[in-house]
Amino acid sequence: METVEFVEAMTTGSQGCGTRLAQQLFRETFKYEAEGVWSSPGRVNVIGEHTDYNAGLCLPIALPHRTFLALRARQDDKVRLVSSFAPEQIELAELHGLQAGGVQGWAAYPVGVAWALRKAGFEQVGGFDAAFVSCVPVGSGLSSSAAMTCSTALALDDVYQLGYGSTDEGRLTLIDAAIRSENEMAGASTGGLDQSASMRCQSGHAIELDCKPGLSALQSVKQVPFDLLVHGLELLVLDTQAPHQLNDGQYAARRKSCEDAAATLGVDNLRVVADEVASASDSQQALDEVLGKLSDPTQRKRVRHVITEIARVGQFIDAFGVGDIDRAGQLLDASHDSLRDDYEVTVPELDIAVDVARLQGAYGARMTGGGFGGSIIALVKKGQSQLVAQEVAREFDRLGFRCPRALAAVASSSAEREV
Ligand code: ADP
Ligand code: MG
């Protein structure tokens, strides 16, 4: 049986390997020097899944794993891109006259950011040459796409002097462009959690992200201390490498089910009812009453997940904050069970990885990200990650699944300029 690989994070800073590799790829591809290197992290959502598009709460941390981007602005509206995943292949695009959906393949993500900024009125944003180097696993629910769009947004803000990248409030504008790029240029539906995490997380902290529309920067994010070592813990991320199944259609179906339920309940979004349930003297009874108004059993399950999951975010923050790790772990377990039974977005690889992690003594484990493949997290005692990962691999091997790969998740910093 294979030994589980732990994906290392590339080092940051002017001499860091991420920075140097991005500069080198830029130089070898375009035959001149980049004017700077920017980077933005992948993220892992600790709890609060499928809540962002319901105006709910979630609790992501930034991973130490980042996407590095060496870039130089151009005098025209052309874009030339290269990625370390296919270093021989240059992607070309033209910003002038570009329409939504007008760029195919991965180039849609960075080109879409420039397009979205121009649409937002920043007409000074022009073309650029860019080289991407990343250690964020792609398509694993760890937001390699947001790492790409957010690093691009920060770089364009910098080289075209928009002035939004240096403050948390300003970054809301860049986050909007990153979201719009994914939704409208890449055609990949996203609720905003990923981009906010990549742009707003601080080292040693998770963010309690409130996705209610129209909130200010101060209202939408609370920095929550998330120091695992203080509690003698590690957060193991295991990418199951399960093939994604019908991901897009299923995600859209879940969103629609929530929107339909909100319409039936006569509210703008499910957050409204989640708040009502949370503030009722008997929350269980209040939840039952809400569910009683929905005739479709599937819709009832979806709504039950969203309402209970939003509540679990606050409960987790409280438990973790007072060092009640057993309780925090139970909440992670409850989140997974709800995603499996009520929201129905897990696959056997996710359920089995979670089961094995729990059997191996994890305080709690859950799938993270959108589901239908991707990754799990397990909250384990310090020093246990390797063992838990290997036991999951053993079970995967027995069942004929691909070998998972692992990452050590430490709450890291958001997008920044490296050099
Ligand atoms: P996730 O964001 O969870 O990794 P997505 O499906 O949202 O998964 O985004 C993955 C897509 O993002 C890839 O298929 C590719 O198009 C693009 N992508 C992300 N990072 C890179 C990269 N470094 N180089 C090229 N494409 C990338
Ligand atoms: Mg993504």
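Please read all numbers here as calculations on a predicted model, not as lab measurements.

A.B. asks: Is there a simple way to explain the UniProt feature "domain: Galactokinase N-terminal" (unreviewed entry) in the protein in this structure?
C.D. replies: What UniProt calls "domain: Galactokinase N-terminal" (unreviewed entry) maps, in this numbering, to residues 25-72. Within the segment residues 25-72, helix and strand shares are 12% and 52% respectively, and the terminal C-alpha atoms sit 13 Å apart.

A.B. asks: Would you mind going over the packing of aromatic side chains with me for this structure?
C.D. replies: The geometry of an aromatic ring pair comes down to the distance between the two centres and the angle between the two planes. Inspection of the entire model under this criterion finds eight aromatic pairs. Between Phe 26 and Phe 30, the aromatic rings sit 4.9 Å apart at their centres with planes inclined by 65 degrees, giving edge-to-face as the arrangement. Placement of both Phe 26 and Phe 30 in helix H1 (residues 17-30) is noted, with a separation of four residues, approximately one turn of the helix. You can call Phe 30 buried: its relative accessible area is 7%. Taking 5.4 Å as the distance between ring centres and 65 degrees as the angle between the ring planes, the aromatic pair formed by Tyr 53 and Tyr 251 counts as edge-to-face. In this pair, Tyr 53 is assigned in the loop between strand E1 (36-45) and strand E2 (57-58) and Tyr 251 in helix H7 (residues 247-265), connecting sequence segments 198 residues apart. Tyr 53 sits in the buried class, given a relative accessible area of 13%. Of the residues examined, Tyr 251 reaches a relative accessible area of 14% and is grouped as buried. Following the ring pairs from residue to residue traces out a cluster consisting of Phe 26, Phe 30 and Tyr 32.

A.B. asks: How should I be thinking about the site of ligand 1 in this particular structure?
C.D. replies: Close to ligand 1 lie 15 residues, the nearest being Ser 83, Gly 139, Gly 141, Ser 144 and Ser 145. Residue Ser 83 places a side-chain N or O atom 2.7 Å away from a nitrogen atom belonging to ligand 1. The backbone of Ser 143 places a nitrogen or oxygen atom 3.4 Å from an oxygen atom of ligand 1. Surface burial for ligand 1 is 77%, taken as the share of its 570 Å² of free accessible area covered by protein chains. Per-element accounting of the shell around ligand 1 gives the leading share, three residues, to helix H3 (residues 144-159). Its residues assigned to classes, the shell around ligand 1 shows seven nonpolar, eight polar and no charged.

A.B. asks: How do you make sense of the domain arrangement of the protein when you look at a structure like this?
C.D. replies: Put simply, an interface is often sized by how much accessible area is lost when its parts join up. As assigned here, the protein comprises domain 1 (8-226 + 412-417) and domain 2 (229-408). Centre-to-centre separation of domain 1 and domain 2, based on C-alpha positions: 26 Å. Buried area between domain 1 and domain 2, both sides added, is near 2900 Å², and the carbon and sulfur share of it is 65%. Here domain 1 and domain 2 share two salt bridges between them. Residues Glu 49 and Arg 366 are paired through a salt bridge, measuring 2.7 Å at the closest nitrogen-oxygen approach. At the junction of domain 1 with domain 2, the criterion picks out 16 residue pairs in polar contact (both at pLDDT 80 or more). For the side of domain 1 that touches domain 2, the elements supplying multiple residues, two or more each, are E1, E2, strand E3 (60-73), strand E7 (205-210) and strand E8 (221-225).

A.B. asks: Just checking my understanding: could you explain the sheet that holds E3 for this structure?
C.D. replies: Spatially, E5-E4-E6-E3-E1-E13 is the arrangement adopted by the six strands of the open sheet, whose pairing is mixed. Edge positions in the sheet fall to strand E5 (91-94) and strand E13 (416-417), since each has one partner strand and no second. Bridge analysis of E1 against E13 gives two bridges, and the strand direction is antiparallel. Note on E13: the bridge partner recorded for Trp 38 is Arg 417. Against the sheet, helix H5 (residues 193-200) contacts E1 and E3, and its axis sits at roughly 125 degrees relative to E1.

A.B. asks: For this particular structure, what's the right way to read the UniProt feature "domain: GHMP kinase C-terminal" (unreviewed entry) in the protein?
C.D. replies: On the UniProt side, "domain: GHMP kinase C-terminal" (unreviewed entry) is annotated at positions that read residues 317-396 here. Taken end to end, residues 317-396 is 57% helix and 15% strand, and its first and last C-alpha atoms sit 32 Å apart.

A.B. asks: Looking at this structure, I do not really get the side chain of Thr 152. What am I missing?
C.D. replies: Counting through the fold element by element, Thr 152 comes out in helix H3. Residue Thr 152 is classed as buried on the basis of its relative accessible area of 0%. Of the polar contacts made by the side chain of Thr 152, one reaches the backbone oxygen of Met 148; its length is 2.7 Å. The residues contacting Thr 152, other than those within four sequence positions of it, are Leu 69, Pro 110, Val 113, Phe 128 and Phe 132.

A.B. asks: Could you clarify how one ought to interpret the side chain of Ser 335 in this entry?
C.D. replies: With respect to the secondary-structure elements, Ser 335 resides in helix H11 (residues 325-341). Take Ser 335: its relative accessible area is 0%, and that puts it in the buried class. Looking at Ser 335, its side chain comes within polar contact range of the side chain of Glu 309, at 2.9 Å. Other than its neighbours up to four places away in sequence, Ser 335 contacts Ile 47, Glu 309, Arg 312 and Arg 366.

A.B. asks: How should I be thinking about the environment of Ala 415 in this particular structure?
C.D. replies: Looking at where Ala 415 falls in the secondary structure, it is placed in the loop between strand E12 (405-409) and E13. The spatial distance from the C-alpha of Ala 415 to the C-alpha of Val 79 is 22 Å, given a sequence separation of 336 residues. Not counting chain neighbours up to four residues away, the residues in contact with Ala 415 comprise Ser 39, Ser 40, Pro 41, Arg 66, Leu 154, Arg 171, Ser 198 and Met 199.

A.B. asks: What exactly am I supposed to notice about the sheet that holds E12 here?
C.D. replies: Picture the strands of a sheet paired through backbone hydrogen bonds; they go either parallel or antiparallel. Spatial ordering of the open sheet is given by E10-E11-E9-E12, a layout of four strands whose pairing is antiparallel. The open sheet has two edge strands with one neighbour each: strand E10 (364-368) and E12. Pairs of neighbouring strands in the sheet enclose a mean axial angle of 25 degrees, with direction left out of account. Bridge count for strand E9 (residues 233-239) against E12 is five bridges, and the pairing is antiparallel. Residue pairing for E12: Val 237 is matched across the bridge by Leu 407. In this fold H11 packs onto E9, E10 and strand E11 (375-381), with an angle of close to 40 degrees to the strand it touches most, E10. Each of E9, E11 and E12 touches helix H13 (residues 385-399); the most contacted strand, E9, lies at about 30 degrees to it.

So, how was this worked out
- Residues numbered from 1 in each chain as written.
- Chains lettered and ligands numbered in written order.
- Predicted model: local features only at pLDDT ≥ 70, side-chain atom pairs only at ≥ 80, totals over all residues.
- Heavy atoms only, no water.
- UniProt positions renumbered as here; feature names shortened; annotations may be inferred.
- Helix = DSSP H or I, 4+ residues; strand = E, 2+ residues; numbered from the N terminus.
- Phe/Tyr/Trp six-rings, centres within 6.5 Å; stacked < 30°, edge-to-face > 60°.
- Buried < 20%, exposed > 50% of the residue type's maximum accessible area, 1.4 Å probe, protein only.
- Near = heavy atom within 4 Å.
- Polar contact = N/O pair within 3.5 Å; in protein donor to acceptor, adjacent residues only side chain to side chain.
- Areas by Shrake-Rupley, 256 points an atom, 1.4 Å probe, with all protein chains shown as cover.
- Nonpolar A, V, L, I, M, F, W, Y, C, P; charged D, E, K, R; others polar.
- Domains from an automatic or database assignment.
- Buried area = accessible area lost by both parts, 1.4 Å probe.
- Salt bridge = Lys/Arg side-chain N within 4 Å of Asp/Glu carboxyl O.
- Pairing = 2+ DSSP bridges.
- Contact = heavy atoms within 4.5 Å.
- Axes fitted to C-alpha atoms, helices over the stretch in contact; angles between N-to-C directions.

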